[in-house]
Amino acid sequence: MIDTHCHLDYLDNPASARGELGLSGMVCIGAGIQHARSAVALAEQFPDVWATAGIHPTGTEDDTPEHRAELERLAEHPRVVGIGESGLDDYWDAGQRPQQLAALEWQLDLAGRTGKPLVIHVRDKRGEDSAHRGLLDVLPHWEHVRLILHCFSGNRDLLAYGLEQGHHFSFAGNVTYKNAPEIQAAAREVPLDRLLLETDAPFLAPVPKRGKPNRPGYVRHTLEFVANLRGLPAGELEAQTTRNAQQVYGLTLPGAEA
């Protein structure tokens, strides 16, 4: 079982999260220059941790020439398997659209040049879709870039676009919440070979851990919920999502043959 998106460096003791509930690997997201450095350091230390490097849409103060140059170097690191997370956020930073777009387009270009997938963050206020619409205005210009639609919101237009383009969709603990019928519907619809599971730890803990700090190992609760949604044995979904994570990120699990 692989947690395809966590913020391992946010935890008090990252090493203690490794192997929980049989977890075999995790991707630590470098969402900002400091977090990218931390994610790479953890990936260098532990063979079951990989990293991404990028600029989060709510952290565009990191988008400087100096930081871009450093992220360019980190993007070539052998333990860095993706770019981002990047995208648009009108939940926290609706007034920062020009800066968010500049950071997003640069990271789309970086992902295209490195051949590594771009992890997409998109968030709106409830009942609104301005960030999703903005994202759908940009992405068709970058169809050669592979995307992972992280913590997928269930937005029908983005779902249709991602399905058409063959992108991967990643579901977090909020798919288990009672107030998430759109996310649950998407989790049923995404083809099995494009489905990923994540925690976004320490955020969005799944039921039955909701309200507590999330942990990478809690991805198993999300696995069990989505397996039930789709009428599949949990072991079958675990095997498929592990293959998907290995494929999209190019991972070789410790102890496995290359």
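All of these numbers come straight from a predicted model, not from anything done at the bench.

A word on the overall build of the chain
Right, on to step 1. What the chain contains, in helices and strands, is eight helices and eight strands.
Right, on to step 2. With respect to the three principal axes, the spread of C-alpha positions in the chain is 45 × 40 × 35 Å.
Right, on to step 3. Entry remark: accessible area of the chain is about 10,700 Å², with carbon and sulfur atoms responsible for 50%.

Points about the nonpolar core
Right, on to step 1. Leu8, Leu108, Leu118 and Phe171 are the most contacted members of the largest nonpolar core, which has 64 residues in total.
Right, on to step 2. Leaving out residues up to four positions away in the same chain, Leu118 has contacts with Ile83, Gly84, Ser86, Leu104, Gln107, Leu108, Ala111, Val145, Arg146, Leu147 and Ile148.
Right, on to step 3. Core analysis: the second largest hydrophobic core is formed by 14 residues, Ile2, Val119, Leu251 and Leu253 among them.

A look at helix α7 (residues 219-230)
Residues spaced three or four apart along an α-helix point in a common direction, a consequence of the helix completing one turn every 3.6 residues.
Right, on to step 1. Given a rise of 1.5 Å per residue, 12 residues ought to cover 16 Å, and the 17 Å separating the end C-alpha atoms of α7 matches this to within 8%.
Right, on to step 2. All of the buried residues in α7 are Val219, Arg220, His221, Thr222, Leu223, Val226, Ala227 and Leu229.
Right, on to step 3. Of the surrounding secondary structure, the elements contacted by the buried residues of α7 are β7 (168-171), α6 (181-189), β8 (195-197) and α8 (234-249).
Right, on to step 4. Within two residues after α7, Gly231 carries a phi angle of roughly 70 degrees, on the positive side.

Details of the packing of aromatic side chains
Right, on to step 1. Under the criterion given, the structure shown has four aromatic pairs.
Right, on to step 2. Note on Phe152 and Phe169: the rings are 4.9 Å apart at their centroids and 90 degrees apart in plane angle, and the pair reads as edge-to-face. With Phe152 in the loop between β6 (147-149) and α5 (156-165) and Phe169 in strand β7, the pair connects residues that are 17 residues apart, well separated along the chain. The same class applies to Phe152 and to Phe169, which are both buried.
Right, on to step 3. Here the aromatic residues Phe152, Phe169 and Phe171 are joined through ring pairs into a cluster of three or more.

What about the packing of helix α2 (residues 65-75) against helix α3 (residues 97-114)?
Right, on to step 1. The contact between α2 and α3 brings their axes to 11 Å, and the two run at 30 degrees. By the criterion of interaxial angle, the relationship of α2 to α3 is roughly parallel. Along this stretch, α2 crosses α3, giving a crossing that reads as right-handed. In this structure, α2 uses Arg68, Leu71, Glu72 and Ala75 to contact α3, whose residues at the interface are Ala102, Ala103, Trp106, Leu110, Arg113 and Thr114.
Right, on to step 2. Of the residues contributing to the contact of α2 with α3, the split by class is six nonpolar, one polar and three charged.

Overview of the pattern of salt bridges
Right, on to step 1. Inspection of every chain in the model, using the stated rule, returns 10 salt bridges.
Right, on to step 2. In this structure, Arg215 engages Glu20 in a salt bridge whose closest nitrogen and oxygen atoms are separated by 2.7 Å. Of this pair, Arg215 sits in the loop between β8 and α7 while Glu20 sits in the loop between β1 (2-6) and β2 (25-28); the two residues are 195 residues apart in sequence, bridging distant segments of the chain.
Right, on to step 3. A salt bridge links Glu189 to Arg156; the shortest N-O distance between them is 3.0 Å. Of this pair, Glu189 sits in helix α6 while Arg156 is found in helix α5, placing the two residues 33 residues apart along the sequence.
Right, on to step 4. Shared partners join several salt bridges into a network, and the residues in it are Glu72, Asp109 and Arg113.

Some remarks on the state of the cysteines
Right, on to step 1. Scanning the entire structure with this criterion turns up zero disulfides.
Right, on to step 2. Cys6 carries a free sulfur, and the closest cysteine sulfur to it, the one in Cys28, is 5.5 Å from it.

Section: the pairing of strand β3 (residues 49-53)
Right, on to step 1. The element β3 is extensively covered by neighbouring structure, given that five of its five residues are classed as buried.
Right, on to step 2. Side chains Val49, Ala51 and Ala53 of β3 all project onto a buried face; the interleaved residues Trp50 and Thr52 project onto the opposite face, where all are buried too.
Right, on to step 3. A crossover connection joins β2 to the parallel β3 through helix α1 (residues 33-45); in handedness this β-α-β unit is right-handed.
Right, on to step 4. Both β3 and strand β4 (residues 80-89) contribute to a ladder of three bridges, which runs parallel. Bridged to Thr52 within β4 is Gly82.

Definitions and cut-offs
- Residues numbered from 1 in each chain as written.
- Predicted model: local features only at pLDDT ≥ 70, side-chain atom pairs only at ≥ 80, totals over all residues.
- Heavy atoms only, no water.
- Helix = DSSP H or I, 4+ residues; strand = E, 2+ residues; numbered from the N terminus.
- Areas by Shrake-Rupley, 256 points an atom, 1.4 Å probe, with all protein chains shown as cover.
- Core = buried A, V, L, I, M, F, W, Y, C linked by side-chain atoms within 4.5 Å.
- Buried < 20%, exposed > 50% of the residue type's maximum accessible area, 1.4 Å probe, protein only.
- Contact = heavy atoms within 4.5 Å.
- Expected span 1.5 Å × (residues − 1).
- Phe/Tyr/Trp six-rings, centres within 6.5 Å; stacked < 30°, edge-to-face > 60°.
- Axes fitted to C-alpha atoms, helices over the stretch in contact; angles between N-to-C directions.
- Parallel < 35°, antiparallel > 145°, perpendicular 65-115°, else oblique.
- Left-handed = near helix turned anticlockwise from the far one by under 90°.
- Nonpolar A, V, L, I, M, F, W, Y, C, P; charged D, E, K, R; others polar.
- Salt bridge = Lys/Arg side-chain N within 4 Å of Asp/Glu carboxyl O.
- Disulfide = S-S within 2.5 Å.
- Right-handed = clockwise from strand over helix to strand, strands pointing away.
- Pairing = 2+ DSSP bridges.

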